[in-house]
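Residue strings, one per chain:
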Amino acid sequence: MRPHRFLLPAAAVLVATAVAAGCGGTGSSAPVATTKISMAKSYRFDPQTIEIKAGQTVTWTNNDNFTHTVKVDGQEDHKVGRGDSVSITFDKPGSYHYLCTLHSKDMHGTVIVT
Ligand SMILES: [Cu+2]
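Residues numbered from 1 in each chain as written. Predicted model: local features only at pLDDT ≥ 70, side-chain atom pairs only at ≥ 80, totals over all residues. Heavy atoms only, no water.

Asks: Run through the coordination of the copper ion, naming residues and quoting values.
Replies: Here the copper ion is held by the protein donor atoms His-68 (ND1), Cys-100 (SG), His-103 (ND1) and Met-107 (SD), which lie 1.9 to 2.8 Å from it. Coordination of the copper ion draws on donor residues from a single chain, spaced H-x31-C-x2-H-x3-M in sequence. The buried category is assigned to Cys-100, whose relative accessible area is 0%. (Donors = N, O, S within 2.8 Å, 3.2 Å for Na, K, Ca; no water. Buried < 20%, exposed > 50% of the residue type's maximum accessible area, 1.4 Å probe, protein only.)

Asks: Lay out the pairing of strand E8 (residues 94-99) with the relevant residues and their values.
Replies: One ladder, built from two bridges, connects strand E5 (residues 68-72) with E8; its direction is antiparallel. When the sheet's bridge partners are listed, Lys-71 is paired in E8 with Leu-99. Relative to strand E9 (residues 108-113), E8 runs antiparallel, the two sharing six bridges. Bridging from a neighbouring strand, Tyr-96 pairs with Val-111 of E9. (Pairing = 2+ DSSP bridges. Helix = DSSP H or I, 4+ residues; strand = E, 2+ residues; numbered from the N terminus.)

Asks: Which residues make up the pairing of strand E6 (residues 77-80), and what values do they have?
Replies: Burial along E6 is one-sided: His-78 and Val-80 are buried, while Asp-77 and Lys-79, pointing the other way, are not. In terms of strand pairing, E5 meets E6 through four bridges, oriented antiparallel. Directly across from His-68, in E6, lies its bridge partner Val-80. Where E5 hands over to E6, the hairpin turn is made up of four residues, of which Gly-74 adopts a positive phi near 85°.

Remember, this is a structural readout, not a statement about activity or role.
Below, the structure is given as structure tokens:
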């Protein structure tokens, strides 16, 4: 008997899932039902993935010590200074990826519109 043999595939699946979910951050990517996103210290969108209904407006507030931007793929870039905020309305259902163009390596997020 080699009980280890049966544990390996499960471990491999866990690793693959973690890699797939790890788009630019260590935070959980489970969608949160909210219209408020904080640009939290440091270089993070929190929560990283949100879920809203079509027609709702999402507001990003910069609580970090640095200027950030919000650029939804295919849309204009919005600069958001310390303490400022920007609001974007999503009219059509879909999955919208966005990023901070100043820190595109670290700051990514997704708005899921249902
Ligand atoms: Cu940034």
